[in-house]
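# Structural overview for review
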Amino acid sequence: MIDLKLFRQDPEAFTNALLRRLDPALAGPLATLGSLDQRWRSLLTQVETLKAQRNAATEEVARRKRAKEPADELMAQLKESGERVKALDAEVRVVEEELQQLAMGLPNLPHRDTPDGDATANRVVRTWGEPRTFPFPARPHWEIGESLRLFDLPRGAKITGSGFPLFTGNGARLARSLASFMIDIHTREHGYLEVLPPYVVNRATLTGTGQLPKFEEDMYRTEDDLFLIPTAEVPVTNIHRDEILEASALPAGFVAWTPCFRREAFSHGKDTRGLIRVHQFDKVELVRLVPASTSDAEHQILTGHAEAILQRLGLPYRVLELAAGDTGFASARTFDLEVWAPGTGAWLEVSSSSTFTDFQARRANIRYRPAPGAKPELVHTLNASGVAFPRTIIGILENYQQADGSVLVPEPLRPYLGTDRLSAP
């Protein structure tokens, strides 16, 4: 959630910063925010003035009583002003609740280093590896997967619906191997604590990370008002909701392998073939809780941890910094990692590495004490896919395809998969 103190300190700078997101729908809420805040300030001034007058009148009543002077008229005024203060206090609480609800619907402020513009202003920060070429026509992953019987998309659609893939045989083993490989790297080399969170969460949890109230229609909800997780970021970030951590506990890093469920996968009506866009997929997620002072450096570290997986797998990729108009609701700054898929002929996002500054921590009330006896401060939250499976599998199938129709297994995965080649059964 945005910090209303920043708005009150400099409304113009705050408004201009938020409008960098290029969302015309923000104009109305920002105007309402300004008028509500002015009303809140006016009410507070009235309350403070009345309370000061009451304090003075109370002292005068006491003086008159000591002097045995009449004070009935003044006491009647005190009673009347007391009722007025009570009514104003109630009005202040109503306006504060309106401000709170409005603030919950506003996105995070873009990071100062986030470029201006829409998606066309996204910039390539760096690339790794050389896109592969083949002496034969490169095949897309859906043809490779079908010929090697790695997944069966028609039967997955029969079981549930379009966008719910069924992995079979070596395809299922490949997904399981990727999970073990990634978890081992992140725990043994990058220092993350492995967790296995619930796959279903409540409203408070989704509100803490910013999915609610704005994006409820994008999620799968159960009849008892619980939700299937859209990403492990949601339950893992909320592990320390409403807690105060000691400084020694930071930075805290968590890694989790979970399924993810998203209704919005086909909202743009494109990239629906194969595994590019699906409603259910597995992902290894990285979450970090850090002090504000190290947040930017930690974001670079986090991004590097996701990149390390792609480098180990030998998948050519690029790091794309998103412009303010293309950055997600809760994120202040995002780097997308995109793998080159030669058969599909496209760069495919396999990870988004984001810093949320204190936006999520304010919503979830996650704080830490910088020193013994010090006032608690909000942590900064960060997360990245470390990495998502479907497009990583696409990258492997399309980059390691062979002329005979088989697919070489990247060397680091061979001990997990138990073979060096995926061939037709």
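Definitions and limits used
- Residues numbered from 1 in each chain as written.
- Predicted model: local features only at pLDDT ≥ 70, side-chain atom pairs only at ≥ 80, totals over all residues.
- Heavy atoms only, no water.
- Helix = DSSP H or I, 4+ residues; strand = E, 2+ residues; numbered from the N terminus.
- Rg over C-alpha atoms; globule rule 2.2 N^0.38 Å.
- Buried < 20%, exposed > 50% of the residue type's maximum accessible area, 1.4 Å probe, protein only.
- Contact = heavy atoms within 4.5 Å.
- Areas by Shrake-Rupley, 256 points an atom, 1.4 Å probe, with all protein chains shown as cover.
- Lys, Arg positive; Asp, Glu negative; His and termini not counted.
- Charge placed at Lys NZ, Arg CZ, Asp CG, Glu CD.
- Axes fitted to C-alpha atoms, helices over the stretch in contact; angles between N-to-C directions.
- Parallel < 35°, antiparallel > 145°, perpendicular 65-115°, else oblique.
- Left-handed = near helix turned anticlockwise from the far one by under 90°.
- Nonpolar A, V, L, I, M, F, W, Y, C, P; charged D, E, K, R; others polar.
- Patch = residues over 30% accessible without salt bridge, like charges linked within 9 Å, V, L, I, M, F, W, Y side chains within 5 Å.
- Salt bridge = Lys/Arg side-chain N within 4 Å of Asp/Glu carboxyl O.
- Pairing = 2+ DSSP bridges.
- Core = buried A, V, L, I, M, F, W, Y, C linked by side-chain atoms within 4.5 Å.

### Structural notes on the overall build of the protein
Counting secondary structure elements, the protein contains 13 helices and 15 strands. Expected size for 425 residues packed as a compact globule is a radius of gyration near 22 Å; at 27 Å, the protein overshoots this value by more than 25%. Across its three principal axes, the protein shows a C-alpha extent of roughly 110 × 45 × 40 Å. Of all 425 residues assigned to the protein, the portion counted as buried reaches 48%. Residue pairs in contact within the protein that sit at least 24 positions apart in sequence constitute 74% of those at least 6 positions apart. Accessible area for the protein stands at about 20,100 Å²; split by element, carbon and sulfur atoms hold 50% of it. Of the charged side chains in the protein, 50 are positive and 56 negative; the average position of the first set lies 2 Å away from that of the second.

### A few points about the packing of helix α7 (residues 170–188) against helix α10 (residues 295–313)
Running from amino to carboxyl end, α7 crosses α10 at an angle of 130°, the nearest separation of the two axes being 11 Å. Relative to α10, the element α7 lies oblique. The element α7 and its partner α10 pack so that their crossing is right-handed. Of the residues in α10, those in contact with L178, F181, M182, I185 and H186 of α7 are H305, I309, R312 and L313. Class assignment of the residues belonging to the contact of α7 with α10 gives a composition of six nonpolar, two polar and one charged.

### Here we look at a nonpolar patch on the surface
A surface patch of nonpolar side chains, amounting to about 280 Å² of accessible area, comprises L196, Y199 and V200. Within the secondary structure, L196 sits in the loop between β2 (193–194) and β3 (200–201). On the basis of relative accessible area, L196 is assigned to the exposed category, the value being 65%.

### Focus on the sheet that holds strand β11 (residues 366–369)
The mixed open sheet is built from three strands, whose spatial order is β5-β11-β12. Looking at strand neighbours, the two that pair on one side only are β5 (243–246) and β12 (377–378), the edges of this open sheet. The pairing of β11 with β12 spans two bridges and is antiparallel. Across the sheet, R367 pairs through a bridge with L378, a residue of β12.

### So, the sheet that holds strand β9 (residues 333–341)
Note: strands within a sheet are paired through backbone hydrogen bonds, in either parallel or antiparallel orientation. If you trace the eight strands from one edge of the open sheet to the other, you get β1-β8-β9-β10-β13-β7-β6-β2, paired in mixed fashion. Edge positions in the sheet fall to β1 (123–128) and β2, since each of these pairs with one other strand and no more. One ladder, built from three bridges, connects strand β10 (residues 346–355) with strand β13 (residues 380–388); its direction is antiparallel. Looking at β13, one finds that S353 is bridged to A384. Across the face of the sheet, α7 comes into contact with β2, β6 (252–261), β7 (280–290) and β13 while running at roughly 165° to β6. Sitting on the sheet, helix α12 (residues 389–399) touches β6, β7, β9, β10 and β13, and the angle it makes with β13 is about 40°.

### Section: the pattern of salt bridges
Inspection of the entire model under this criterion finds 25 salt bridges. Across the salt bridge formed by E91 and R39, the nearest N and O atoms sit 3.2 Å from each other. Of this pair, E91 sits in helix α4 (residues 72–104) while R39 is found in helix α3 (residues 27–66), placing the two residues 52 residues apart along the sequence. Residue class for R39 comes out partly exposed when judged on its relative accessible area of 36%. Put simply, R221 and E216 hold a salt bridge, and the shortest N to O gap is 3.8 Å. Residue E216 is classed as partly exposed on the basis of its relative accessible area of 26%.

### Here we look at the nonpolar core
Formed by 47 residues in total, the largest nonpolar core has its most connected members in L178 and L422. Mapped by element, the contributors of at least two residues to this core are α7, β7, α10, β8 (317–321), β9, β10, β13 and α12. Residue contributions to this core peak at eight residues, all from α7. Non-local contacts of L178, meaning those with residues more than four positions away in its chain, are made with L313, F389, T392, I393, I396 and L413. L50, L99, M104 and A330 belong to the second largest nonpolar core, which has 28 residues in total.

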